[in-house]
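As a plain string of letters, each chain reads:
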Amino acid sequence: MRVVQNPAKLQTALARLKRQDKKIGFVPTMGYLHEGHLSLVRLARKENDVVVASIFVNPLQFGPREDFKRYPRDFPRDARLLKKEKADFLLAPAAEEFYPKDFQTEVKVTRLSGRLCGASRPAHFAGVCTVVLKLLNIVKPDRLYLGQKDYQQVEVIGQMVKDLGFSVMIRMAPIVREPDGLAMSSRNVLLSKKEREEAPCLHRALCEGARLVKRGVRDAGGLQKPMREILKRAASARVDYLEIVDVRTLRPVVKLKKGQKALLTGAVFFKKTRLIDNELVRV
Ligand code: AMP
């Protein structure tokens, strides 16, 4: 695996491979890798000739009072893990070079970015889109690998790619979980012992919602109430949002219709640490 800091160097190396008609799979991350990230790398490895991963803790997608500084980092360990998964390139740009002082461009997907996580993190998705478009322009992959854990991110990036006519296939991989159901996240290490014990309540609440849908409950209120009850029992949990939304528009669904695909999704603060999770359901 080649570790590259300079985007132009990566482009030169990839241009040669593209001329040989090699297919490129790209896995963007913020590092502090876990099995969720590695599942994306494995899928990319299976489906492409060349695998590029990136590690960049993107300052643009953090709000001023969010955890950019606290965000966990361990580059040597990440590089080892990616090498073990047989990634071909690891792009790890330096923030000052990636965003020089005169950087002033922002890419924004308007409607989708305002919902769910976007409601409490107003600049988040513009930061995500800006970095992802910049990375896509460097790597120009055939396939882009994203996790369902950040479902809204997948939809927002999908919209951006479609609107701007960027030709890349988006592949969404399932959520990888800890044995107790907690969705793997780099942020899980920021939880205290008690918060970590309580954190699986988010997944439990979403599973309860999915179970009720299967049992015939159709109205959002009737689903949300028992889900919130589960979260209430966790003393350290404070709900940011808990919603049942349409899978494409991400708008709240009042009553589920037959055949409808919906997303049960939530964000919960455990003291300072905000975790997200979701379950896809089909009525
Ligand atoms: P991050 O480093 O948190 O920005 O995540 C990088 C990519 O890994 C994103 O596409 C995430 O959706 C994906 N990802 C993060 N956690 C998981 C997980 N538990 N299971 C599957 N994919 C994940």
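For the structure given in this document, a descriptive report is provided here. (Residues numbered from 1 in each chain as written. Predicted model: local features only at pLDDT ≥ 70, side-chain atom pairs only at ≥ 80, totals over all residues. Heavy atoms only, no water.)

## Regarding the packing of helix α1 (residues 7–19) against helix α7 (residues 124–139)
Consideration 1: Axis separation between α1 and α7 bottoms out at 8 Å; the angle between their running directions is 50°. As summarised for this structure, α1 and α7 are arranged oblique, according to the angle between their axes. Residues Pro 7, Leu 10, Gln 11, Leu 14 and Lys 18 of α1 form the contact with α7, whose own contacting residues are Asn 137, Ile 138 and Val 139.
Consideration 2: Here the contact of α1 with α7 is built from residues that sort into five nonpolar, two polar and one charged. (Axes fitted to C-alpha atoms, helices over the stretch in contact; angles between N-to-C directions. Helix = DSSP H or I, 4+ residues; strand = E, 2+ residues; numbered from the N terminus. Parallel < 35°, antiparallel > 145°, perpendicular 65-115°, else oblique. Contact = heavy atoms within 4.5 Å. Nonpolar A, V, L, I, M, F, W, Y, C, P; charged D, E, K, R; others polar.)

## Thoughts on the pattern of salt bridges
Consideration 1: Across all of its chains, the model carries 16 salt bridges by this definition.
Consideration 2: One salt bridge connects Glu 66 with Arg 121, and the closest N-O pair in it is separated by 2.7 Å. One end of the pair, Glu 66, is in the loop between β3 (50–55) and α3 (75–84); the other, Arg 121, is in the loop between α6 (117–120) and α7, with 55 residues separating them in the sequence.
Consideration 3: The salt bridge involving Glu 208 is made with Arg 211; its shortest N-O contact spans 3.0 Å. (Salt bridge = Lys/Arg side-chain N within 4 Å of Asp/Glu carboxyl O.)

## Some points on the side chain of Glu 195
Consideration 1: Summarising the element assignment, Glu 195 is placed in helix α9 (residues 193–198).
Consideration 2: We note that Glu 195 is buried and unpaired, the nearest opposite charge coming from Lys 271 at a distance of 4.2 Å.
Consideration 3: A distance of 3.1 Å separates the side chain of Glu 195 from the backbone nitrogen of Ser 192, its partner in a polar contact.
Consideration 4: Leaving out residues up to four positions away in the same chain, Glu 195 has contacts with Leu 190, Ser 236, Phe 270 and Lys 271. (Buried < 20%, exposed > 50% of the residue type's maximum accessible area, 1.4 Å probe, protein only. Lys, Arg positive; Asp, Glu negative; His and termini not counted. Polar contact = N/O pair within 3.5 Å; in protein donor to acceptor, adjacent residues only side chain to side chain.)

## Remarks on the sheet that holds strand β7 (residues 237–246)
Consideration 1: Pairing is antiparallel across the open sheet formed by three strands, whose spatial order is β7-β8-β9. Only two strands of the sheet have a single neighbouring strand rather than two, namely β7 and β9 (273–282). Between one strand axis and the next, the sheet turns by 15° as a mean value, whatever way the strands run.
Consideration 2: Relative to strand β8 (residues 261–270), β7 runs antiparallel, the two being bridged by nine bridges. When the sheet's bridge partners are listed, Tyr 241 is paired in β8 with Ala 267.
Consideration 3: Helix-sheet contacts for helix α10 (residues 201–214) involve β7, β8 and β9, and the interaxial angle to β9 is about 15°.
Consideration 4: Packed on one face of the sheet, helix α11 (residues 220–232) meets β7 and β8 and runs near 155° to β7. (Pairing = 2+ DSSP bridges.)

## As for the sheet that holds strand β1 (residues 2–4)
Consideration 1: In spatial order, the strands read β1-β4-β3-β2-β5-β6; together these six strands make up an open sheet with parallel pairing. What marks the edges here is a single partner per strand, and that holds for β1 and β6 (169–173). With strand direction ignored, the average angle separating the axes of adjacent strands in the sheet is 25°.
Consideration 2: Sheet topology places β1 next to strand β4 (residues 89–91); three bridges connect them, and they run parallel. When the sheet's bridge partners are listed, Arg 2 is paired in β4 with Phe 89.
Consideration 3: In this fold α7 packs onto β2 (24–29), β3, β4 and β5 (143–147), with an angle of close to 150° to the strand it touches most, β2.
Consideration 4: Packing against the sheet, helix α8 (residues 151–163) makes contact with β5 and β6, and its axis sits at approximately 175° to β6.

Keep in mind that these numbers describe shape and distance, not what the molecule does.
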